[in-house]
Amino acid sequence: AQSVTQLGSHVSVSEGALVLLRCNYSSSVPPYLFWYVQYPNQGLQLLLKYTTGATLVKGINGFEAEFKKSETSFHLTKPSAHMSDAAEYFCAVSYYMEYGNKLVFGAGTILRVKS
Amino acid sequence: NAGVTQTPKFQVLKTGQSMTLQCAQDMNHNSMYWYRQDPGMGLRLIYYSASEGTTDKGEVPNGYNVSRLNKREFSLRLESAAPSQTSVYFCASSEIQPTSKPQHFGDGTRLSIL
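## Topic: the overall build of chain A
- Of regular secondary structure, chain A possesses zero helices and 11 strands.
- Element order for chain A, N to C, with α for helix and β for strand: β-β-β-β-β-β-β-β-β-β-β.
- Relative to its length of 115 residues, chain A is compact, with a C-alpha radius of gyration of 14 Å against a globular reference of 13 Å.
- Along the first, second and third principal axes, the C-alpha atoms of chain A reach 45 × 30 × 20 Å.
- Within the span of chain A, comprising 115 residues, buried residues form 47% of the whole.

## Some details on the pairing of strand S7 (residues 64–68) of chain A
All names here are of chain A.
- Residues of S7 alternate between two faces, with Ala-65 and Phe-67 buried on one and Glu-64, Glu-66 and Lys-68 left unburied on the opposite face.
- The sheet contact formed by strand S6 (residues 56–58) and S7 spans three bridges and is antiparallel. Note on S7: the bridge partner recorded for Val-57 is Ala-65.
- Across five bridges, S7 lies against strand S8 (residues 73–78) in antiparallel orientation. Looking at the pairing, Ala-65 lines up with Leu-76 of S8.
- In sequence, S7 turns back onto S8 through a hairpin of four residues, with Thr-72 there showing a positive phi of about 45°.

## With respect to the side chain of Ser94(B)
- By secondary structure assignment, the location of Ser94(B) is in strand S9 (residues 87–94).
- Judged by relative accessible area, Ser94(B) falls into the buried class, the value being 0%.
- Looking at Ser94(B), its side chain comes within polar contact range of the side chain of Tyr33(B), at 2.9 Å.
- Excluding residues within four positions of it along the chain, Ser94(B) makes contact with Asn101(A), His29(B), Asn30(B), Ser31(B), Tyr33(B), Pro102(B) and Gln103(B).

Conventions adopted
- Residues numbered from 1 in each chain as written.
- Chains lettered and ligands numbered in written order.
- Predicted model: local features only at pLDDT ≥ 70, side-chain atom pairs only at ≥ 80, totals over all residues.
- Heavy atoms only, no water.
- Helix = DSSP H or I, 4+ residues; strand = E, 2+ residues; numbered from the N terminus.
- Rg over C-alpha atoms; globule rule 2.2 N^0.38 Å.
- Buried < 20%, exposed > 50% of the residue type's maximum accessible area, 1.4 Å probe, protein only.
- Pairing = 2+ DSSP bridges.
- Polar contact = N/O pair within 3.5 Å; in protein donor to acceptor, adjacent residues only side chain to side chain.
- Contact = heavy atoms within 4.5 Å.

Shape descriptors only; they carry no functional weight alone.
Written as structure tokens, this is what we have:
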């Protein structure tokens, strides 16, 4: 069965510092992995996704993630945090059901950016 | 370009009342989904519909019913609301395949049951 673990329910960084949000997955088949961001009182917005090919994936707003099969990880990073990055971030793994695709989400990590 | 539209955005109910949450998408997607979001638990799938005319249970279906009215619309009904159903509800849509296609989310319905 597929599952996702996000380490750290809350992460706090200073503006300009490195952002690192951790995600580990469990999947019985080659995974498709996603990071979504949720700003307050809004829906989820796709940040980036890994399907196949290059293991370093670049997304919107300067975020990137590296797929490491040996570590079953898909950590999200950004070199320099901005105040506007404060949000909740969800890692998810996708797999095909009998009818349609299913997303399994991690519990989420709330990112706080200090000035 | 609206994407996925959910109504209402906020609702307060009393225990035992019923209500229907509406969702419509304009991306011509076949698959639609209903999730609930609770603190510290991520999003959990309530029901999904792979295509018009089909629906199936997800992870937490108890207390809910759904209707896929047509390709665009997918509604979620609470027949007798309970405080445990206080949550934020999200509708999403996607293409059926491939699995690498992302789901697109609405802005959510914030539901409180007293």
